[in-house]
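# Coordinate analysis (summary)
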Amino acid sequence: MKSPLLALPGAVPAEGADEGVAAHYGDIFREQRNLSQGTGFVDLSHRGVVTVSGADRLSWLHLLLTQHVSGLEPQHATEALVLSPNGHVEHALYLVDDGTTTWAHVEPGTQGALVAYLESMKFFYRVEVADATADYAVVHLPAGSTGSVEGAAAVRELPHGRDLFVPRAELAELAAGYGPAAGVWAYEALRIEGHRPRLGFETDHRTIPHEVDWLSTAVHLQKGCYRGQETVARVHNLGRPPRRLVFLHLDGTEETLPPHGTEVRLASDPDGRSLGFVTSSARHHELGPIALAIVKRNVPVDAVLLAGTVPGTQDVIVPQ
């Protein structure tokens, strides 16, 4: 779904998973600095929007999701996952409830499969599930923004900013009051800096929540049963995840960034076996080139790694 904000001056369309919105508007570092200083907004209107309404919505979602949402207070933002029976991550939902409806935004193109799964689990519960992507768009305002949330159908208040669900037909009009536009490249650089995993980037078909630190934000370890809960409990109580997410400070002398999927090896053994892969990378306005990567759990935390041909030192996100 192509955003009308691609008509703004300087807009360069994003590709791949973020197709449909702007990668940048001509100055990626200025856009990052603006967001870091609480100015501007990011067009995330390519993301899917799913709503759940009905008297049983929270108790019903509580049975299906990794998060404790049965008593979710209105306007309180949270994250949750849908797992496979074996505990692998299938969906990531970014939620808020407005007192009558639970709103979630999800990765672009995943809303159809999520709605189909939710519909299959309705049984006799008083819930209505809808793919609202055609009617509502997501906009992100950074922390400290003075942009008005008037006109938004729902708002997720977060430490790093606000996610607004706005009527898609009013996106261009409302965005004019949010300040200068920043592209998804700027948003991604700050996401990587904040160690926030993204479905389809930091995850693959084998990912369990422990590996990418979703236990701290999207999983409630004391709640009752849900699909995949046995794996979550077993790994948490009896073992350690086979892989772990790391943050990489990359060598700034290299001209290119290692793309998603680039193999990671020990810098001391560049011809050795692969230890993992780069999940996301970006050029940060202060830190320079940075990346997230998934590596085997037993990789020494002080080891210098090689992302393709680019050396990088680790910051620990998930302990060994």
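Right, let's walk through the structure included here. It should be emphasised that the depicted structure is a prediction, and the values quoted were computed from it without experimental measurement.

## Observations concerning helix 6 (residues 229–238)
Since the α-helix advances by 3.6 residues per turn, residues separated by three or four positions end up pointing in the same direction. For helix 6, the full list of buried residues reads Gln 229, Thr 231, Val 232 and Val 235. Taken down its axis, helix 6 places every buried residue within 165 degrees of arc, on the same side. In helix 6, the exposed residues that point more than 90 degrees away from the buried face are Asn 237 and Leu 238. Residues of helix 6 that are buried in the fold lie against strand 5 (78–83).

## Considering the packing of helix 1 (residues 28–36) against helix 5 (residues 184–193)
In contact at an axis separation of 9 Å, helix 1 and helix 5 are set at 55 degrees when each is read in the N-to-C sense. In terms of orientation, helix 1 lies oblique with respect to helix 5. The way helix 1 lies across helix 5 gives a crossing that is right-handed. On helix 5, the residues that touch Ile 28, Glu 31, Gln 32, Leu 35 and Ser 36 of helix 1 are Trp 185, Ala 186, Tyr 187, Ala 189 and Leu 190.

## Side note on the sheet that holds strand 10 (residues 154–158)
Sheet architecture is open: five strands sit in the order 10-11-9-3-12, paired in mixed fashion. At either margin of the open sheet sits one strand with a lone partner, and together these are strand 10 and strand 12 (181–182). In the sheet, strand 10 pairs with strand 11 (residues 161–167) via five bridges, with the strands oriented antiparallel. Bridge pairing links Leu 158 to Gly 161 in strand 11. Against the sheet, helix 5 engages strand 3 (41–43), strand 9 (136–142) and strand 12, with an angle of about 110 degrees to strand 3.

## Concerning the pattern of salt bridges
Any two side chains of opposite charge can pair, given that their charged atoms come close. Within this structure, the stated rule accounts for 17 salt bridges. Between Arg 243 and Glu 211 there is a salt bridge, and its shortest N-O distance comes to 3.2 Å. You can see Arg 243 sitting in strand 13 (residues 243–250) and its partner Glu 211 sitting in the loop between helix 5 and helix 6, a full 32 residues away along the chain. Notably, a salt bridge pairs Arg 265 with Glu 263, separated by 2.7 Å at the nearest N-O pair. Residue classification places Glu 263 among the partly exposed positions, given a relative accessible area of 38%. Bridged by salt links that share partners, the residues Asp 18, Arg 47, Glu 107, Glu 188, Arg 191, Arg 198 and Glu 202 form one connected network.

## Some points on the sheet that holds strand 8 (residues 128–131)
Across a sheet, strands are paired by hydrogen bonds formed along the backbone, either parallel or antiparallel in direction. Reading across the sheet, the five strands line up as 5-6-7-4-8 and stay open at both edges, with antiparallel pairing between neighbours. Unpaired on one side and paired on the other, strand 5 and strand 8 mark the two borders of the sheet. Between one strand axis and the next, the sheet turns through 30 degrees on average, direction left out of account. Inspection of the sheet shows strand 4 (residues 48–53) paired to strand 7 (residues 101–106) by six bridges, in the antiparallel sense. Within strand 7, the position partnered with Thr 51 by the bridge is Trp 103.

## Overview of the environment of Ala 152
Here Ala 152 is to be found in the loop between strand 9 and strand 10. Each C-alpha atom, one on Ala 152 and one on Pro 197, is 26 Å from the other, the two residues being 45 residues apart in sequence.

## Quick look at unusual backbone geometry
The phi torsion at His 195 lies on the positive side, around 60 degrees, for a residue other than glycine. Tracing the backbone shows His 195 in the loop between helix 5 and helix 6. His 195 gets classed as partly exposed once you look at its relative accessible area, which sits at 25%. The residue Asp 213 is not glycine, and still its phi comes out positive at about 70 degrees. Here Asp 213 lies in the loop between helix 5 and helix 6. The partly exposed category is assigned to Asp 213, whose relative accessible area is 30%.

## Examining a nonpolar patch on the surface
On the surface, Leu 63, Phe 123, Phe 124 and Tyr 125 cluster together to form a nonpolar patch covering roughly 510 Å² of accessible area. You can see Phe 124 is positioned in the loop between helix 3 (111–120) and strand 8.

## Focus on the pairing of strand 16 (residues 288–296)
For strand 16, the tally of buried residues reaches seven of nine residues, placing the bulk of the element in the interior. Where strand 13 and strand 16 come together, seven bridges link them in antiparallel fashion. Bridge assignment links Leu 245 to a residue of strand 16, and that residue is Ile 294. Pairing of strand 15 (residues 276–284) with strand 16, which is carried by eight bridges, proceeds in the antiparallel orientation. Of the residues in strand 16, the one forming a bridge with Ala 282 is Ile 290. The turn joining strand 15 and strand 16, which pair antiparallel and follow one another in sequence, is formed by three residues.

Rules used throughout
Residues numbered from 1 in each chain as written. Predicted model: local features only at pLDDT ≥ 70, side-chain atom pairs only at ≥ 80, totals over all residues. Heavy atoms only, no water. Buried < 20%, exposed > 50% of the residue type's maximum accessible area, 1.4 Å probe, protein only. Helix = DSSP H or I, 4+ residues; strand = E, 2+ residues; numbered from the N terminus. Arc of directions from axis to C-beta. Contact = heavy atoms within 4.5 Å. Axes fitted to C-alpha atoms, helices over the stretch in contact; angles between N-to-C directions. Parallel < 35°, antiparallel > 145°, perpendicular 65-115°, else oblique. Left-handed = near helix turned anticlockwise from the far one by under 90°. Pairing = 2+ DSSP bridges. Salt bridge = Lys/Arg side-chain N within 4 Å of Asp/Glu carboxyl O. Patch = residues over 30% accessible without salt bridge, like charges linked within 9 Å, V, L, I, M, F, W, Y side chains within 5 Å. Areas by Shrake-Rupley, 256 points an atom, 1.4 Å probe, with all protein chains shown as cover.

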